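What follows is the residue order along each chain.
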Amino acid sequence: MVAESELNTGVLLFLPYRALENRIFAALADAGFDDFTPAQARVMQRIGPDGTRLTELAEQAQITKQTAGFLVDQLEKTGYVTRVPDPTDKRARLVRGAAKAWAAKEVADGVVAEVEKEWEAHLGKRRMKQLREALTLLREITDPWAEPAGSPAGSTR
């Protein structure tokens, strides 16, 4: 067993994320949303409010277009997503979240808020704020889809 002081930062970031993810999946199952996998959820999380092209979902999820297509097919069969023509290019299609996906997101968002309150109670307000600030700064160099610093919210690159 590795001593805590020897755990690398990636593992230290992953452990709380996995605990959060497990809580979300348990709450979703309790609410009747037990018919999708973590892999499907990772694709679903990347669907924008107006829909997203399959190629973009694959790129953001860091999976092949074929894998993304397979996962979206499964999500479509279970009623979480729909595919619609892209209004900017009639040859392309957008993947959009269906009502079932938005209902599941509401449950997940509630769990996230609950867990963040628990983390804040454990760390204290100041440390929780510092944690969020540090992770936001790291996002600037680790997330190619993050908004550039100083961009208005909701703008696109």
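Here, the structure is the one placed above.
Read on for an overview of the structure. (Residues numbered from 1 in each chain as written. Predicted model: local features only at pLDDT ≥ 70, side-chain atom pairs only at ≥ 80, totals over all residues. Heavy atoms only, no water.)

**Observations regarding the sheet that holds strand β1 (residues 52-53)**
As a reminder, the rule being used: One requirement defines pairing of two strands: DSSP has to find at least two bridges between them. Put simply, DSSP marks the helices as runs of H or I at least four residues long and the strands as runs of E at least two long, and each gets a number from the N terminus on. Here a residue-residue contact requires only that any non-hydrogen atoms of the pair lie within 4.5 Å. Convention adopted: a line fitted to C-alpha atoms gives each axis, helices being fitted over their contacting stretch, and angles between N-to-C directions are expressed from 0 to 180 degrees.
The strand order β1-β3-β2 describes an open sheet built from three strands, whose pairing is antiparallel. The sheet is open, and its two borders are formed by β1 and β2 (81-86), each paired with just one other strand. Direction of pairing for β1 relative to strand β3 (residues 89-97): antiparallel, over a ladder of two bridges. Opposite Thr-52, over in β3, you have Val-95 as the bridge partner. On top of the sheet, helix α4 (residues 65-77) reaches β2 and β3; it is set at about 115 degrees to β2, its chief contact.

**Some remarks on the environment of Glu-120**
Basically, it comes down to this: Exposure is judged per residue with a 1.4 Å probe applied to protein chains only, and the accessible area is read against the type maximum: over 50% gives exposed, under 20% gives buried, and values in between give partly exposed.
Within the secondary structure, Glu-120 is located in helix α5 (residues 99-123). Judged by its relative accessible area of 31%, Glu-120 is partly exposed.

**So, the pairing of β2**
Pairing of β2 with β3, which is carried by six bridges, proceeds in the antiparallel orientation. Directly across from Val-81, in β3, lies its bridge partner Gly-97. Counting the residues that bridge the hairpin from β2 to β3 gives two residues.

**Focus on helix α1 (residues 9-30)**
Using the following cut-off: Each residue after the first adds 1.5 Å to the expected span of a helix. This arc is taken over the directions from the axis of the helix to the C-beta atoms. We define a polar contact as two N or O atoms separated by no more than 3.5 Å, with the added condition that, inside protein, one atom must be a possible hydrogen donor and the other a possible acceptor, whereas residues neighbouring each other in sequence contribute only through side-chain atom pairs.
Helix length check: α1, at 22 residues, gives a terminal C-alpha distance of 32 Å against a target of 32 Å (1.5 Å per residue), a fit within 8%. Along α1, the residues that are buried comprise Leu-20, Glu-21, Ile-24 and Leu-28. With its buried residues spanning 105 degrees around the axis, α1 presents them on a single face. Taken together, the buried residues of α1 touch α2 (38-44) and α5. Two or three places before Gly-10, at the start of α1, stands the capping residue Asn-8, its side-chain oxygen 2.8 Å from that residue's backbone nitrogen. Of the residues trailing α1, Gly-32 is marked for its positive phi of about 95 degrees.

**Looking at the packing of aromatic side chains**
Inclusion rule: In this analysis, rings of Phe, Tyr and Trp, with Trp reduced to its six-membered ring, are considered paired at centre separations within 6.5 Å, and the interplanar angle assigns stacked below 30 degrees, edge-to-face beyond 60, and tilted for intermediate values.
On inspection of all chains with the given rule, the structure shows two aromatic pairs. For the pair Phe-25 and Phe-36, a centre-to-centre distance of 5.6 Å together with 55 degrees between the ring planes defines the contact as tilted. Of this pair, Phe-25 sits in helix α1 while Phe-36 sits in the loop between α1 and α2, placing them 11 residues apart in sequence. Its relative accessible area of 10% is what places Phe-36 among the buried residues. Measuring from ring centre to ring centre gives 5.0 Å for Phe-36 and Tyr-80, while their planes differ by 75 degrees; the resulting arrangement is edge-to-face. A residue pair is termed long-range when its members are at least 10 positions apart, and Phe-36 in the loop between α1 and α2 and Tyr-80 in the loop between α4 and β2 qualify at 44 residues. Across the pair, Tyr-80 and Phe-36 agree in class, each one buried. Among the aromatic residues, ring-to-ring pairing joins Phe-25, Phe-36 and Tyr-80 into one connected group.

Taken by themselves, the reported measurements are silent on function.
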